[in-house]
Structure formats: structure tokens, C-alpha cells
Amino acid sequence: MTALLRHGRYVLGENPVTGLAFALFVLLVVLAAAGPGLVPYDPLASNTAEALKPPSRAHWFGTDQLGRDLLSRVVVATRLDLTISICAVMIAFAVGSAAGVTGGFYGGWTDRLIGRVLDTIMAFPLFVLAMGIVAALGNTVANIVYATAIINVPFYARLARSEVMVRREAGFIEAARLAGNRGPRILAMHLFPNCLPPMMVQISLNLGWAILNAAGLSFIGLGVRPPTPEWGIMVAEGAAFIVSGEWWIGLFPGAALMLAVFCFNLLGDGLRDLIDPRRRT
Amino acid sequence: MLRLIGRRLLAAAPGLAGVIAVTFLLTRALPGDPAAFFAGPAATREAIEEIRRSLGLDKNLTVQFGLYVRDLTRGDLGKSLTTGQPVRSDLISRLPASLELTACGLLLAVAVALPLGVLAATRPGSWVDHLCRMLTTAGVSLPIFFTGLLLVYIFYFLLGWAPAPLGRLDAFISPPRSITGFFLVDAVLGGDFGEIRAILRQLALPAITLGLFAMAPIARMTRAAMLGVLSSDFIRTARASGLDRRTVLVTYAFRNAMLPVVTTLGMVFSFLLGANVLVEKVFAWPGIGSYALEALIVSDYAPVQGFILTMASLYVLLNLLIDVLYGVIDPRARIEA
Amino acid sequence: MKRTTALSLLLALLFMPAPEARAQSRSETLLVVVELGPNSMDIHGVGANRPAYQSSWNLYDRLITYGVKTLPDGTRMYDYSVLKPELAESWQIAPDGMSATFKLRKDAKFHDGTPVTAKDVKWSFDRAVTVGGFPTFQMKAGSLEKPEQFGVVDDYTFRVAFLRKDKLTMPDLAVPVPVIMNSELARKHATSADPWAMEWVKNNDTGGGAYKLESWKPGQESIYVRFDEWKSGPLPKLKRVIVREVPSAGNRRALLERGDADISFDLPPKDFSEIAAAGKLAVVAHPVENAHAYVGMNVKNPPFNNLKVRQAVAYAIPYEKIFHSVMFDRGALLMGNPIATNTFGYDAKLSPYKTDMAKAKALMADAGVPNGFETQLYFDQGFATINEPAAVLVQESLGQIGIKTTINKIPGANWRNLMLKKEMPIYVNAFGGWLNYPEYFFFWNYHGQNAVFNTMSYQNPDMDKLIDAARFETDPKKYADLVRGFTKLAIAEVPRVPLYQPNLDVAMQKGITGYQYWFHRQLDFRQLSKS
């Protein structure tokens, strides 16, 4: 444990950017957890007398068309956006790695079948598939999560499969089999943990992508329902106000979104360094 | 080589079949009722049923699927209810616009990301490295439509440097005589220099928007691949033999690092084709992305199906191209494992 | 080094200003930017969208048209009480009032040079009442229902027999639907399966109107060029009109403000209010006749089948808030009054409704639901710019009297479907009628015939009696009483709560003159000119 911590501190020191990203991540989690309690205004309360006001002391981020405080909305949206991305990626991770590991280990028809399903998903332009799923099932938060999860499954499946195929014939697996472990147990207890490192990297990269995906869906009208605050939909609304000069409506949620995605991407790079210095990129 | 191509195409067939089936189900699952929509505002129930019958939507799903597949084998992708044209001609007229835009975006991204990646690889861990990483990551961290709108605002509205975001060509210039459908190619073939410039100007902002998005994975992969190659033995030998930095970097290291970069390029290209949808909306670009999006919103099945099928086929072709390129770049890859 | 020089050359090339050789054609052409373009060149076609009416209006002639009047503020609009010749030089109503005979001008030609004769008019009118769907409905609104009503007397004389005395028959001949098509040209492309040549006319120009179709790229742009042999009115000043689709509203505004586009009416209310205030562009505003935006409720099913609940809603809605922050005051407040301000029968004092939370809560208690209930609030995503903030404000206010709503944003195709099913409990919507008569509006929206626009499923025989009587009443005093009667009933029963009457705003470069408001809310290129 201490060795890991020491290694961690070494890596963080080596790479200040990763340290920064990690701090940002902690901040995001704190905001997501405690945000709604900390904000000065009710994110859903309209106040049309104060509509479209630029940032001021009363409203740090200004107000939107209905007079809602943008700071409150941006902070409260953290919870929803993090939830969407974390849930989507977790589901994709669980399903994808299970599929990939199973296919890689058993081979034969199982592998081929799983491979065909993955090919089908991958053949779709990903964003369009998400669009289609949400349009078909309705734009609820759950459906956005499922759609994002589905389009991310192939990444984990492929990764898991290749890792398993490399290690399938390794000595320690042979030993586990001789010791009496059955297939599924070997999969879960021995093979899977060894596949985790590269997938952790993929997870953090995907987290950022999931948020952007939700934002894109909002832009074309398939995002979360109003009046829920969500970064993507706030950026989409703000986009309509750029030309008329109300820059704050789009900028602050856009900056929050950008910071979060940025953070996840850098975190992913940093994690890669932490876990396997040999593969440092 | 031909056997390779043939085998790849065969391997792609089940994937395509899956795409056809899934797309069909997906479009049928869309909540809207195209018959109700296109019967118009004052239609009665009978009128709508009439239209439903004429569209063939009253038959059960299996029959509809059968008819769809039969039409596909004849090359008939159905008719779009929104434009009223056969989907095939719509796609043929709109695909070059998307491809041209994506290709230009990719070219721009490569032009910037490749040198950045190489630069970062030669000075790993330095501030240059970190700066490169942050720059490219920043490009991919904003939603693509937001970047596009911001660019329009700054470069068109405020500064007036970029032309009006009216699509592929200014309203008052007629397009070049259509040979390939790619305006740039057609204009070059036609020899009209002024037109080439007009076309490039319209392409600038949307291509930059797409390019910004594509920079990060390319730079990252270049850096990784270069780092891997730079630490290998033959590079050490080359350096020891006294070759200058330039030759080592370009002639030896880069060529060998190309392989994973080419794979990434392929992935990025297909990803950009999907992201096209958003950019086309912002820049009024008449490509297949905006076509499919409009059709999706009104539950117009045929264009959505046609669009997805086209994209999937493009993806297969692209992967094939990359496999062939592999063989060209690295003779070792020509020998099948 | 070579690569960087190449790159900088390329960038310089890109950002150099464009050549001015195009300047000349620019000043003779009008560039209209729209959100959505036409999806058909045939107004009789199935699913022809609203922009298709604009194409049709300019590519085709009709028998008659409306006159022009100038309003006190200097803007011009069509005069629905004055009918003027277009293809028909003159006409006579028979002494028994049951038919009209039109004398067509003899020098009119179609775009391909064929002379326009009465048989073309008959073919076109037969087509309009036979193809079904919206065109047939619209013809019916003026009692134009059967091909037998239309008769060719001779090459230049055309007769319309009336089925009944309907004051809307003549005005209905000047709406976009009864266009005169080149029957010979169209018939060449008809088949046994498609006797009206629907397929061909959809993509081609069979008109004889002031403008010809130069080109049409669906989803991109349509270009119209003046037909110099047009005789049915004074020759238009504009030689060429380009209608370009630009999906992003912000971009449309940017184009107008930078002078790269000439005219647009597809902008959010906020932009119009700001552009009007800035003064660089000219903005013409006109409240849309016979139209209102409303919150509708399904009166057949609980919970809104309870009159007191509906009244509670009418007292809870934040009328002024919506009008100020969603519409930016572009229009006229109605506050429960179903008649538009520029339609006969409008009386601001008729509606008692205003935002009064206490009264609303008391009504909820009276209705037996003091603690409220949960329900779903719907709106059409196609009009999200206005509907979404309005829905949010409505949701908030209803929440205060205990009605908790979830908002459902419905995409276009599904919206029509849901309207037909008539199951949405409460929703935000709008309706506008072409013919500016209150009974016309009520016929579509409140009559028990339960047209699709009667989204509330409101069926009341008393209401039907009043509307039906008003449609055919000729005595002005009796008519006014009937109109007042059905208006008061609609207010008392409040199946829908009218919020405001929207504007039709148009923004254009300062040199553009001749704009006039039409009931179809499209641009009439024939009147515009560019200096």
C-alpha cells in the first residue's frame, strides 16, 4: 500500500498536470455531492424581472432568459452530468468487459457471436446511434445513460478481449485451473483483475466523452427535459444568445463542461502513468 | 492483396447485416408517425390511414422488413418524405459535401497534430510536452457545436474575416460543373482559380471546427508511437552512426511510427463522420448529417436508414483501406498472421 | 520551412477579402434566409409545408387576390374586405347570389409560353377539391367542395356555382390553395396511377405567376427569377430572389446584421426586439390575425374535465411574465380572450382572467383538489424557442397551486400524432387561421365537429349552435350578437386559456421597400424592391 502511495506521489510530482487534474476531480465530486445545498438560489426558480442580467455581485454568473441564477444552475448540474457519465461508463464497462472477457476466454462460437454484435455496434457512427436510441425511446435521463452506455461497450469489450487472449495460456492461469478452479471463477478472480489497468484509463477518457455526448444530444433537442439544469442543455441554450451578446449564458456552463472533460482526459493520461510506467505515453 | 480484400469484405458482411436489421428496428421504434405528420395539419383519421397504406406502413413489421431488404438488393433506398426525392439521389448529391468537409478537417488536424506530437515526443516531460497535451485536449473538451458557433461569432460576426456561414458556397457564386461532386476537385478540374478560393473560404471555419476535435487523439497517438520508436535499438544505431537529428527523426523514426497513427486516423475519420451532424447544422452545410438529422426529427424512416447504411459501408471501406495501407507501409503486415 | 510557408500562404488566401465582381448581381437579387425551406413545389401535395406556400404564392397566379391597405403606422397589409383581379380581370355574382362568373384576361401565359385558359382553371380547381388532405379542407372552408361547381363557359370565362350562400366562398378563392396550373404541361406527366401528376408537379414549375423557378435544391435553397411576360399585375421590381436555408437562428441574425442577407422573418422574438431597438435594420411588426397562443386542456378526461380546475389554471398562469420574458412584448396580451385584437368581435373587457394565485388556490379547493395532483405538460419541440420557456413558467406557476407537472418535449412527427389522439392533458400550442373571421377560428378550434385543431376535445351543442349560426348569418347586428355569444361561452368554459397574440415580425435591410403583411405570413416577392 505504502509502495503504491509512494509511487503515486512520485508520479503526481513528476507530472503536475495530473495533480491538477486530480484536484479538479475532487472538486467536481464535492460539488456534485454537496452542490445543491451550497448554492445561493433555487436553480429552478424563475425571476423574470432579473432576466438576462450580466454577471454581478448578486448573480456571479449572471441570469438566463427566465431570470434563473446561472451559478446555481451550473453547480447543481454537476451532479446530473457526473451521474450521467459515471453511470453510462460503469454500465458500458460492466457489460463490455464481461462480454470481452467471456469471448476471449472461451473462444469459438461465443467469441464469434460476441464479435459480430460488437461489429454491428461499431459500424454505426456512434453519435448517430445515440441519437437514434434516444429518439426512439424518449429523452429521459435513463435513456440517455443507456444510449451512451451502448455506444461505449465495444471499447471495453475489445480491450478486455485482447488482454484475456494474451494471458489465456499464461502459467498462472494453468495453475489456477489445476488447482480446481472452474471457468467462471478463473475469469472473475484471476483474469479480470489483470485486465483492469488499461481499462481504467479508458474509463476516465470515456467519462469526458459521455458528457460531450449528452451535450450534443441536447443541442439537437434530444437532451434532458426542461427545466432540469444540465451543462449540455445550458450550452445549447446559450448558443442561441451568443450573437445577441449575452455571452455568459453559454460561457459558464461551457467552461464547466470543458473543465470537467479536460479533467477526465488528463486524469486518464495520468492514470496510465501511475499504473504502468512502461506504457507511459 | 485481392484475397485480403475479399476476405475482409466477407468478414464485414454479418456486421452490415446487423446494421440493416438494427436500423430498421430503430427507425420503426421512433415515436413519431410519419403518416400523421405528412398528411398535413388538417387531415382526418381516414386521410392518414390512406397515407399510411400508400407508404406501406400498415403491413406488419416482418413484411415491411422483407420489402425493405428486397428493395435494397435492387439498390432502391426508398423515398424521403421530407424532400420528396429518392433517398439514393439525395445521398449521392449530399455525400460529397460531408466527405469533403471531413477530409479537410482531418487534413487540418493532421497538419497541426502530427508536428505537435513529434515535438512532444522529442522532449518528453518538458513544459513543451505538457503544453502540447493541454492544447490538444482543450480542443476536444468543448462540445463541437459550441466551438463552431464560437468561431462563427468571433471570425465572422466580430472580425469579418470569415465569409457568411451560408453553406458550401456563397449564394451569388454558382457551383463548379459537377464531375465528382467534390467542389474543390471539380473547381481544380475546371481551372477556375477565383472559385477555388471562394470554396476554400467557405470550408475554412467548419473544417477548423472539425479539425480541433480531431487533434487530440492524433497528437496523442503520434507522441506515443514516436516515443516507443525513439527508444528502440535501430534509432540508437542511427544516432550512433552520426546521422543528423532531422534524418533520424523523419526518415527513420517517423516512418516506423506511422502504423498506429494510420489506425488512429481511420478511427478519427469515422468518428468525425458522425460528429458531422452537429457541424453541418451550425454552418448550414448541405451534407448527409443534416439530411439525416432532419429526417430523424420527423420520423422519416428511409433517409435515416439510408444514412446509417451509407455510414456503415463507409466504415467498412475505410477499415479495408487502412488494412491495405498497413501492407504498403509495413511489409511485415502483408504477411497474414 | 517549406511547410510553414505553404501553410501561411493558405491562411492568407483564405482570409483575404472576396472579390467585388459579384457586387452588381448582388444588388438585383434578394437573399432571404429561412429556417426551413419548401419541401414541395405543389401546394396540393401531401404534407406540403408552410414554406411551400411561399413558393406557390409567387410561382402561381390565382383568380383573384386581396387589396392593400395602409395602417396608421405606415406599414402595409392585405385588405381582406377588398378583392382585386389577378388572373380574372372582372367577375360578376349572379342575381340569385348562387354563382360567380369570372372573365379571365386574354394575355396571360404560363412560364412555358402556353396561354392560360379557363380549362386550366377548371383542371386546377378540380384537382384542389379531389386530392384530399389540407387543400381539400381549405377549399371546403369556403364551400368549394365538388368538381361539378366549376364550369368552363368559354376559353376566357369561368363559372363557380355555390353550394350555399357562404360569405367565405369568394375570399377562399384568393388564398394560396386555388392556384392556376398549366394543365397541358402537367397532364403530359400524368399516369394512370397518378392522374393529377402529383409526382411531377412536386418538383417542377407549372405556374404562370410573376416568378419562375430557376432552381430548387431541397434542404438548401430555392431560386426564383422574374417572369417578364407576367400580365396579372404590375411587373415586380426584383429580378431574382434566393431563399436559403440557414438552420441556426444566431447565424441568421448575424447574416442580417452584417448585411450578408437581406430579409428574414425566422428569428426569435428577442432578436427582433433588439434589432428593432438598434435601428440598423428595418423591422416591420404586425400581430398575426385570427391567431393566439394558448394553454390547452383535455376536457374529456380527468383532471381537467372539472371546470373549476380549468378556471384555477386560468387564474394561475403568469400572463405578463410569459409575454415579457418569452415574447419580449412582440404581440398583444390576450389574458384569456380567445378573439385576436385585430379580428371582429374583440373586446378586451370580456375576459376576467388575470394572474391571481389566491383565487386560483381557492378554486382548486372548490374543485375538491386542494392538494393538487400530478400531470404532464406537453409542447411541440419544433417551436421550442418560444414554447420551452413558456412551458417552464407555466410549470412553475401551476406548481404553486399544487399541480405538479413534468414537461414533455415532443418532436414534430409525434406532435401531430398526439394532437390527433387527443389524450394530452395539458399543453402549450398556437393556432392561426387564414380567413380573418372569428367564426372561422371557432369552427376549427371549438366546434363539436372535433377537428384536429380542437385539441381540447371540447364538444358543446350550445357552442355549435352559435358558431353554425354565425357562419351563415348576414344581418350585422345578429352576427355581432352571435360572435359575442360564443366568445363569452368560450371564456366561461375555458377549455383553453389564450395567452397572447403573436407578432409576425420581419427584419430587413434598410433599402428594402414594399413589404406587406399577408395572412399566409409568407413573403410576396412581387411587392418588394431593393434600392
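Bear in mind the structure is a predicted one, so any value in this text is a computation, not a measurement.

Q: Honestly, the domain arrangement of chain B in this entry has me stumped. Any pointers?
A: It is common to give the size of an interface as the accessible area lost on bringing the parts into contact. Residues and elements named next belong to chain B. Assigned domains within chain B: domain 1 (2-73) and domain 2 (95-336). For domain 1 versus domain 2, the distance between C-alpha centres works out to 32 Å. The contact between domain 1 and domain 2 buries some 1,800 Å² in all, and 74% of this surface belongs to carbon and sulfur atoms. For the side of domain 1 that touches domain 2, the secondary-structure elements that each account for two or more residues are α1 (2-29), α2 (34-39) and α4 (61-73). Of the residues contributing to the side of domain 1 that touches domain 2, the split by class is 15 nonpolar, 3 polar and 3 charged.

Q: It is not clear to me how the packing of aromatic side chains should be interpreted in this structure. Could you clarify?
A: The description of two aromatic rings rests on the distance between their centres and on the angle between their planes. All names here are of chain C. One pass over the full model with this rule turns up 48 aromatic pairs over all chains. Summarising the aromatic geometry, the rings of F304 and F373 are spaced 5.8 Å apart at their centres and angled 80° between planes, so their arrangement reads as edge-to-face. On the criterion of sequence distance, the pair formed by F304 in the loop between β13 (291-297) and α11 (307-316) and F373 in strand β15 (residues 373-380) is long-range, its members being 69 residues apart. As far as burial versus exposure is concerned, F304 and F373 are alike and both buried. Taken together, the ring pairs in this structure connect Y53, W57, Y66, Y78, Y80, F134, W434, Y437, Y517, W518 and F519 into an aromatic cluster. One cation-aromatic arrangement involves R471 over F443; the distance from NZ or CZ to the ring centre is 4.2 Å.

Q: Would you explain the interface of chain B and chain A in this entry?
A: Counting from both sides, the interface comprises 45 residues of chain B and, opposite them, 45 residues of chain A. Roughly 4,000 Å² is buried in total at the junction of chain B and chain A, and carbon and sulfur atoms are behind 79% of that figure. Taken together, the links from chain B to chain A amount to 0 salt bridges. Taken together, the connections running from chain B to chain A amount to 0 residue pairs in polar contact (both at pLDDT 80 or more). Within the residue set of the side of chain B that touches chain A, elements represented by two or more residues are α1, α6 (127-141), α7 (144-158), α9 (193-230), α11 (245-283), α12 (288-297) and α13 (301-329) of chain B. For the side of chain B that touches chain A, the leading source of residues is α1 of chain B, giving 9 residues.

Q: Mind showing me how you'd approach unusual backbone geometry here?
A: Negative phi characterises most residues that are not glycine, and trans characterises most peptide bonds. In this structure, P227 of chain A follows P226 of chain A across a cis peptide bond, with omega equal to -5°. Of note, P227 of chain A is situated in the loop between α8 (183-219) and α9 (231-239). Following P302 of chain C, the chain continues to P303 of chain C via a peptide bond in cis, the omega torsion being 0°. Here P303 of chain C is to be found in the loop between β13 and α11. Of note in the backbone geometry, L52 of chain A takes a positive phi value of approximately 55° without being a glycine. Examined against the element boundaries, L52 of chain A turns out to sit in the loop between α2 (16-38) and α3 (70-106). One non-glycine residue, K422 of chain C, lies in the positive phi region at around 55°. Considering the arrangement of structural elements, one finds K422 of chain C in the loop between α15 (412-421) and β17 (426-432).

Q: Looking at this structure, I do not really get the domain arrangement of chain C. What am I missing?
A: All names here are of chain C. Here the domain parsing of chain C yields domain 1 (27-247 + 509-530) and domain 2 (291-503). Contact residues are listed per partner, giving 21 residues for domain 1 and 13 residues for domain 2. Of the roughly 1,500 Å² buried between domain 1 and domain 2 on both sides combined, carbon and sulfur atoms contribute 64%. If you sort the residues of domain 1 by the area they bury against domain 2, Y80, K167 and L168 come out on top, with a joint share of 38%. Run the count over domain 1 and domain 2 and you get 1 salt bridge. Between K167 and E439 there is a salt bridge; the shortest N-O distance is 2.7 Å. Linking domain 1 with domain 2 are 4 residue pairs in polar contact (both at pLDDT 80 or more), by the criterion used here. Counting residues per element, the ones that place at least two in the side of domain 1 that touches domain 2 are β3 (76-85), α5 (133-140) and α6 (169-172). The leading source of residues in the side of domain 1 that touches domain 2 is α5, at 3 residues.

Q: Looking at this structure, how should I read a nonpolar patch on the surface?
A: Together, I154, L158, L159 and W161 of chain B make up an exposed nonpolar region whose accessible area comes to about 370 Å². Mapping L159 of chain B onto the fold places it in the loop between α7 and α8 (183-190).

Q: Before we go on, may I ask you to explain the pattern of salt bridges in this structure?
A: Once their charged atoms are close, side chains differing in charge can pair, the charge on each being opposite to the other. Inspection of every chain in the model, using the stated rule, returns 37 salt bridges over all chains. Its salt-bridge partner being D119 of chain A, residue R158 of chain A comes within 3.3 Å of it at the nearest N-O pair. Within this pair, whereas R158 of chain A is found in helix α6 (residues 141-167), its partner D119 of chain A is found in helix α4 (residues 108-123), the two being separated by 39 residues in sequence. On the accessibility criterion, R158 of chain A (41% relative accessible area) is partly exposed. Taking relative accessible area as the criterion, D119 of chain A reaches 22% and is therefore assigned partly exposed. E388 of chain C is the salt-bridge partner of K409 of chain C, the closest N and O atoms lying 3.1 Å from each other. Placement of K409 of chain C in strand β16 (residues 403-410) and of E388 of chain C in helix α14 (residues 384-400) is noted, with a sequence separation of 21 residues between them. Considered together, K409 of chain C and E388 of chain C belong to a single accessibility category, that of buried residues.

Q: It is not clear to me how the sheet that holds strand β6 (residues 150-154) of chain C should be interpreted in this structure. Could you clarify?
A: Whenever strands of a sheet pair, they do so through backbone hydrogen bonds, lying parallel or antiparallel. Residues and elements named next belong to chain C. Reading across from one edge, β4-β5-β7-β6 is the order of the 4 strands in this open sheet, with antiparallel pairing throughout. Each edge of the open sheet is held by one strand with a lone partner, namely β4 (88-93) and β6. Taking each pair of neighbouring strands and ignoring which way they run, the sheet shows an average axis angle of 25°. This element, helix α4 (residues 118-130), spans β5 (99-104), β6 and β7 (157-161) of the sheet and lies at about 175° to β6.

Q: Explain the interface of chain C and chain B here, please?
A: Every contact between the two is made by 50 residues of chain C and, on the other side, 49 residues of chain B. Our count for the chain C to chain B interface comes out at 1 salt bridge. Between E199 of chain C and K79 of chain B there is a salt bridge whose closest N-O contact spans 3.1 Å. For the pair chain C and chain B, the number of links is 8 residue pairs in polar contact (both at pLDDT 80 or more). For the side of chain C that touches chain B, the secondary-structure elements that each account for two or more residues are α1 (2-15), α2 (23-28), β1 (29-34), α5, α8 (198-203), β10 (240-245), α9 (249-257) and α15 of chain C. Ranked by residues supplied to the side of chain C that touches chain B, first place goes to α15 of chain C with 7 residues. Its residues placed into classes, the side of chain C that touches chain B shows 25 nonpolar, 13 polar and 12 charged.

What counts and what doesn't
- Residues numbered from 1 in each chain as written.
- Chains lettered and ligands numbered in written order.
- Predicted model: local features only at pLDDT ≥ 70, side-chain atom pairs only at ≥ 80, totals over all residues.
- Heavy atoms only, no water.
- Domains from an automatic or database assignment.
- Buried area = accessible area lost by both parts, 1.4 Å probe.
- Helix = DSSP H or I, 4+ residues; strand = E, 2+ residues; numbered from the N terminus.
- Nonpolar A, V, L, I, M, F, W, Y, C, P; charged D, E, K, R; others polar.
- Phe/Tyr/Trp six-rings, centres within 6.5 Å; stacked < 30°, edge-to-face > 60°.
- Buried < 20%, exposed > 50% of the residue type's maximum accessible area, 1.4 Å probe, protein only.
- Lys NZ or Arg CZ within 6 Å of the ring centre and 35° of its normal.
- Contact = heavy atoms within 4.5 Å.
- Salt bridge = Lys/Arg side-chain N within 4 Å of Asp/Glu carboxyl O.
- Polar contact = N/O pair within 3.5 Å; in protein donor to acceptor, adjacent residues only side chain to side chain.
- Patch = residues over 30% accessible without salt bridge, like charges linked within 9 Å, V, L, I, M, F, W, Y side chains within 5 Å.
- Areas by Shrake-Rupley, 256 points an atom, 1.4 Å probe, with all protein chains shown as cover.
- Pairing = 2+ DSSP bridges.
- Axes fitted to C-alpha atoms, helices over the stretch in contact; angles between N-to-C directions.

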